[in-house]
Amino acid sequence: MAIERTFSIIKPDATRRNLIGKINAKFEEAGLRIVAQKRIHMTKAQAGVFYGVHAERPFFDELCEFMCSEPIVVQVLEGENAISKNREVMGATNPADAAEGTIRFEFAKSVGENSVHGSDAPETAAEEIAYFFSGLELVG
Ligand code: ATP
Ligand code: MG
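Basis of the calculations
Residues numbered from 1 in each chain as written. Chains lettered and ligands numbered in written order. Predicted model: local features only at pLDDT ≥ 70, side-chain atom pairs only at ≥ 80, totals over all residues. Heavy atoms only, no water. Pairing = 2+ DSSP bridges. Helix = DSSP H or I, 4+ residues; strand = E, 2+ residues; numbered from the N terminus. 1 Å grid on protein atoms, 1.4 Å probe; cavity = no way out; pocket = protein on both sides within 12 Å on 5 of 7 lines; lining within 4 Å. Points joined across faces, edges and corners; volume = space filled by probe spheres on them. Nonpolar A, V, L, I, M, F, W, Y, C, P; charged D, E, K, R; others polar. Buried < 20%, exposed > 50% of the residue type's maximum accessible area, 1.4 Å probe, protein only. Arc of directions from axis to C-beta.

## Some details on the pairing of strand β1 (residues 3-10)
- Pairing analysis gives eight bridges linking β1 to strand β3 (residues 72-80), with the strands arranged antiparallel. Considered in β3, the bridge of Thr6 is made with Leu77.
- Relative to strand β4 (residues 116-118), β1 runs antiparallel, the two being bridged by three bridges. Note that in β4 the partner of Ser8 across the bridge is Gly118.

## Overview of the layout of surface pockets
- Roughly 740 Å³ of volume is contained in the largest pocket.
- Looking at the lining of the largest pocket, the elements with two or more residues in it are α3 (44-50), α4 (60-67), α5 (82-90), β4 and α7 (122-132).
- Ranked by residues supplied to the lining of the largest pocket, first place goes to α7 with four residues.
- Per-class residue counts for the lining of the largest pocket are 11 nonpolar, nine polar and nine charged.

## A short note on α5
- Among all positions in α5, only Ala82, Ile83, Asn86, Val89 and Met90 are buried. Each buried residue of α5 lies within a common arc of 125 degrees when the element is viewed along its axis, so the set occupies one face.
- One or two residues past the end of α5 sits Gly91, with phi positive at roughly 90 degrees.

Below is the structure:
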């Protein structure tokens, strides 16, 4: 199996409720290593670029407002099949559909305020990591 890196965000609803440690424990229990991590507060423009693929969706403005409302934690997770493994650990986008034991099942408040983001493919993982981290911050 391939060792991959994926990009993760602990979203404002989770940082606000002091859940960073509990969410990181879920990643580590699943065998994902947190190889880079920092706390930032995005501008609305930065959120708009990050979520540009959703620009035409009806929830785009609400999503960008939410993501810049308070600090977030951006991370790089590494491990075997990290991209799909992280999506499993996160659970379904809508917490009502998320499997028991997943982050979104345990912590998400709604389909919008769903506690975490994770890349959905190798290309997006590489782009998203490069948007938030420099090579010097990725020491493995
Ligand atoms: P993410 O990209 O954050 O990892 P995802 O891939 O499960 O989540 P997407 O379909 O890519 O979900 O949507 C991106 C984000 O947009 C969701 O995580 C959620 O915060 C928000 N979102 C998605 N659908 C809705 C909706 N119907 N109403 C409000 N916000 C939504
Ligand atoms: Mg997505």
